[in-house]
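# Fold and geometry: a report
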Amino acid sequence: MRTPILSYPTHAHGRRETSPATKAGTVTGWSSRAAFIAAAVGSAVGLGNIWKFPYMVGANGGGAFVILYLAMVLLVGLPILIAELGLGRTGGAAVTRTFGRIAHELRGGHLWNAVGWLGAATAILILSFYSVIAGWALAYAWRFSLGSLQGLAAEDYSARFDALLASPAEMIFWQLVVLGAAAFVASRGVRAGLDRAVRWLMPVLAVLLIGLGIYAAIIGDAAAALHFMFTPDFSALTPEVALSAAGHAFFTLSLGLGAMIAYGGYVAEDVAIPRAAGWIALFDTLCAIAAGMAIMPIVFGFGLDPAAGPGLVFVTLPVAFGSMPGGALVGTLFFALLVVAAMTSIFALIEPMAASLADGEADRRKWVIRLTALTAILGLISVFSFNIWSDVRPWGEDKTLFDWLSYLTTEVSLPFGGLCVAIFIGWVAPRKTMEHMFDSHFAFKLWLLSIRYVSPIAVIAVFTHLTIG
Ligand code: TRP
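Residues numbered from 1 in each chain as written. Predicted model: local features only at pLDDT ≥ 70, side-chain atom pairs only at ≥ 80, totals over all residues. Heavy atoms only, no water.

### Quick word on the overall build of the chain
- Looking only at helices and strands, the chain has 18 helices and zero strands in total.
- Taking 23 Å as the expected radius of gyration for a compact globule of 469 residues, we find that the chain reaches 22 Å, a close match to that expectation.
- Taking all 469 residues of the chain together, the buried fraction comes to 58%.
- Sequence-distant contacts in the chain: of pairs separated by 6 or more residues, those separated by 24 or more amount to 79%.
- Taken as a whole, the chain presents about 18000 Å² of accessible surface, with 69% of it coming from carbon and sulfur. (Helix = DSSP H or I, 4+ residues; strand = E, 2+ residues; numbered from the N terminus. Rg over C-alpha atoms; globule rule 2.2 N^0.38 Å. Buried < 20%, exposed > 50% of the residue type's maximum accessible area, 1.4 Å probe, protein only. Contact = heavy atoms within 4.5 Å. Areas by Shrake-Rupley, 256 points an atom, 1.4 Å probe, with all protein chains shown as cover.)

Printed below as a string of structure tokens:
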């Protein structure tokens, strides 16, 4: 029997209030364990899975990289995922108060709340450019659904993408549509908004992924894709590759900014956190592999470049969709998949701030609107980086403002946040904070060993590699 160590008001049905700040009587937790896992997988599965993972696999040794990546998920990602979910369940979803509540017996314990503030601020900054990219995906879904991208010459596809990037008005329009939809869901609250949305969006995502994978296998070159993704080339494995695998394990599980802390704050007492974390990591990995098997057969079947990087999704793949049978429909569905994957990640990017600032239902709507408006304004930095400010490169010629925003958030702030979480839960917080969440003492010891030594060392290695190397 798991017993809560810090007690908060309990709802009539045994569900704990998300945080003491929430008005008593409102049902705010996840409706079920499945809904919680769907929401967390929705946060984890995003642009990182759909274009970055397949491309990384191909560039870094195929099956050998997949094995290494799985090891990193188990050694680095899973322990921190368990820690974040457990932190949230113990200290509440309001990430700017979670740490202080758990460390309230320690002198200066509330100073750890700074980690929550940093995470919540990082989430809004990430959202400011993530929603721009989600807007591109929405624009492409719209264009394919109109059939206006069919049968163009190959070079026209890059011209179309360049034209989108050159138009601030168009980019702002699509970003606002994305943010408006996300704000609508987020403002309705956890149970009536997020929970309901992910319960139908995640099955849609699964059907789209599987459907596109099957069509890709029929129309493309599945054998070449399998060979590219899974033939192990152990000679390609270098320390660099191990570090990028660790970094990606971290990013893809949405760690380091409090998203999983917030989501953990809405979990009922009877859900076994370590096991749920295992399912989340497994589904995230399966989605990444499925995305690879939906994209790579098309890339090889149509003689495209698998290492095209960021342009792969918006320039290279449209060439194939534009010429294949049923391409308008397939293109529409593919970009709809991307929009759904991004949308369920966007919910998780709003949540750390929303949970921290809002006090009750009506207040939540107000804060979500404010946060969305702030995000849209910050989003202008990213939008203008591709056109009127493309020459603004304040620190070095190779990085635009968009590049800096993405670099400082995902490659500096996220690993730093993850490191703080590992140190806090492994060394600072009382041991009983997490112990009761494990079924077996052995599992707890194993987790403690990882969170105290393995995860911090791995994160420091990634951190120094990314910032200095
Ligand atoms: N995991 C997401 C992806 O793979 C990206 C991401 C990183 C994220 N950190 C997050 C999403 C925090 C939501 C919340 O694309």
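### Here's the deal with the environment of Asp403
- Following the sequence through the fold, Asp403 ends up in helix H16 (residues 401-428).
- Sequence spacing of Asp403 and His441 is 38 residues, and the spatial spacing of their C-alpha atoms is 45 Å.
- A distance of 3.0 Å separates the side chain of Asp403 from the backbone nitrogen of Thr400, its partner in a polar contact. (Polar contact = N/O pair within 3.5 Å; in protein donor to acceptor, adjacent residues only side chain to side chain.)

### Quick look at the packing of helix H7 (residues 168-187) against helix H14 (residues 327-357)
- H14 packs onto H7 with a crossing angle of 60° between their chain directions and a minimal axis gap of 10 Å. Judged by the inter-axis angle, H7 sits oblique to H14. Handedness of the crossing formed by H7 with H14: right-handed. Of the residues in H14, those touching H7 at Val178, Ala181, Ala182, Val185 and Ala186 are Met343, Ile346, Phe347 and Ile350.
- Of the residues in the contact of H7 with H14, the class split is nine nonpolar, no polar and no charged. (Axes fitted to C-alpha atoms, helices over the stretch in contact; angles between N-to-C directions. Parallel < 35°, antiparallel > 145°, perpendicular 65-115°, else oblique. Left-handed = near helix turned anticlockwise from the far one by under 90°. Nonpolar A, V, L, I, M, F, W, Y, C, P; charged D, E, K, R; others polar.)

### What to know about the packing of helix H3 (residues 63-91) against helix H4 (residues 95-102)
- Axis separation between H3 and H4 bottoms out at 9 Å; the angle between their running directions is 80°. Of the possible angle classes, the one that applies to H3 and H4 is roughly perpendicular. Taking contact as the criterion, the partners of Leu87, Gly88, Thr90 and Gly91 in H3 are, on H4, Thr98, Phe99, Arg101 and Ile102.

### A word on the pattern of salt bridges
- Per the stated rule, a full pass over the model turns up seven salt bridges.
- Glu351 is paired through a salt bridge with Arg364; the nearest N and O atoms lie 2.8 Å apart. Of this pair, Glu351 sits in helix H14 while Arg364 sits in helix H15 (residues 361-385), and the two are 13 residues apart along the sequence. Arg364 carries the same exposure label as Glu351, and that label is buried.
- Note that Arg431 is salt-bridged to Glu435, the shortest N-O span being 3.6 Å.
- A residue is classified by how much of its surface remains accessible, and Arg431, at 42% relative accessible area, is partly exposed. (Salt bridge = Lys/Arg side-chain N within 4 Å of Asp/Glu carboxyl O.)

### Details of the site of the ligand
- As a structural note, the neighbourhood of the ligand is formed by 15 residues, with Ala44, Leu47, Gly48, Tyr130 and Phe251 the closest of them.
- Contacts to the ligand include Asn49, whose side-chain N or O atom sits 3.2 Å from an oxygen atom.
- In this structure, an oxygen atom belonging to the ligand sits 3.0 Å away from a side-chain N or O atom of Tyr130.
- The fraction of the free accessible surface of the ligand (360 Å²) that becomes covered by protein chains is 100%.
- Contributions of two or more residues to the shell around the ligand are made by helix H1 (33-44), helix H2 (47-59), helix H10 (239-252) and H14.
- Across the shell around the ligand, the residue classes break down as eight nonpolar, seven polar and no charged. (Near = heavy atom within 4 Å.)

### Quick look at unusual backbone geometry
- Of note in the backbone geometry, Ser254 takes a positive phi value of approximately 60° without being a glycine.
- Assignment of secondary structure puts Ser254 in the loop between H10 and helix H11 (259-264).

### Thoughts on the packing of aromatic side chains
- According to the stated counting rule, one finds 32 aromatic pairs in the structure shown.
- Centroid distance Phe321 to Phe335: 6.3 Å. Interplanar angle 80°. Geometry classified as edge-to-face. In this pair, Phe321 sits in helix H13 (residues 311-323) while Phe335 sits in helix H14, placing the two residues 14 residues apart along the sequence.
- By relative accessible area, Phe335 is classed as buried at 0%.
- Aromatic pair Phe438 and Phe444: ring centres 5.5 Å apart, planes at 65°, arrangement edge-to-face.
- With relative accessibility at 10%, the residue Phe438 sits in the buried group.
- Using a relative accessible area of 1% as the deciding quantity, one classes Phe444 as buried.
- Each residue in the set Phe129, Trp136, Tyr140, Phe144, Phe161, Phe314, Phe321, Phe334, Phe335, Phe386 and Phe402 is aromatic and connected to the rest through ring pairs, giving one cluster.
- Directly above the ring of Phe251 sits Lys52, whose terminal nitrogen or CZ lies 5.9 Å from the centroid.
- Note that Lys399 overlies the ring of Tyr407, its terminal NZ or CZ placed 4.7 Å from the centroid. (Phe/Tyr/Trp six-rings, centres within 6.5 Å; stacked < 30°, edge-to-face > 60°. Lys NZ or Arg CZ within 6 Å of the ring centre and 35° of its normal.)

Structural measurements only, silent on function.
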